[in-house]
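Observations on the model geometry
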Amino acid sequence: MVVEITAIVSLAGVIFSLIFLGYQTRELARQTRLNNKVGLLSGMYDALTLLQTAQLKVFEDPKLSAYFYEGAQLPPRGDERVRVQALAEIWVDGIECTLMTLGLPPRPHQYDGVKSYAVYMYRKSPAIKNRVDKNLDYYEGYRNLLNGTQVD
């Protein structure tokens, strides 16, 4: 009789342990998904901060807008060329950071508009196109995007 009671108590303990293990596993999976989303949002925030920095420079000096939104060619030389190239680098880094963040799990489809924005800026801004084309080895996100998209 004692052996049977011990066996029943042991079996109940094993069942309880398995149920508890299942609960812990489910909670760990939920926590991992939440951590992945927080990481994604953090990466997106950093990327968007870079883009805002570039856009603030255009806001501070509106004539720079022509190089990014109106298709103006890079200045041939001088301080203006250096400023536009530096700003294009910040801009491309922001777009690249966004594209790379979107490539990480979980892959959020609600941000797919960033890909359209990246292609739009590549087509619209010779400064950005120049930066990307000359440094395509640095920009894996842009390279992957451009290889999958027909861009002029």
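Residues numbered from 1 in each chain as written. Predicted model: local features only at pLDDT ≥ 70, side-chain atom pairs only at ≥ 80, totals over all residues. Heavy atoms only, no water.

Tracing the sequence through the fold places L56 in helix α1 (residues 2–60). In this structure, the C-alpha to C-alpha distance between L56 and V92, residues 36 residues apart in sequence, is 15 Å. (Helix = DSSP H or I, 4+ residues; strand = E, 2+ residues; numbered from the N terminus.)

With that settled, consider the packing of aromatic side chains. Enumeration over the complete set of coordinates arrives at five aromatic pairs. Measuring from centroid to centroid gives 6.4 Å for F16 and F20, while their planes differ by 10°, and the two rings are stacked. With a gap of four residues between them, F16 and F20 both fall in helix α1, about one helical turn apart. Overall, F16 belongs to the exposed group, its relative accessible area being 59%. Its relative accessible area of 41% is what places F20 among the partly exposed residues. Here the aromatic rings of F68 and W91 are separated by 4.6 Å at their centres, their planes lie at 15°, and the arrangement is stacked. Here W91 lies in helix α3 (residues 79–102) and F68 lies in helix α2 (residues 65–69), a separation of 23 residues in the sequence. Of the two residues, F68 and W91, neither departs from the other in class, the shared state being buried. Aromatic rings pair up to connect F68, Y69 and W91 into one cluster. (Phe/Tyr/Trp six-rings, centres within 6.5 Å; stacked < 30°, edge-to-face > 60°. Buried < 20%, exposed > 50% of the residue type's maximum accessible area, 1.4 Å probe, protein only.)

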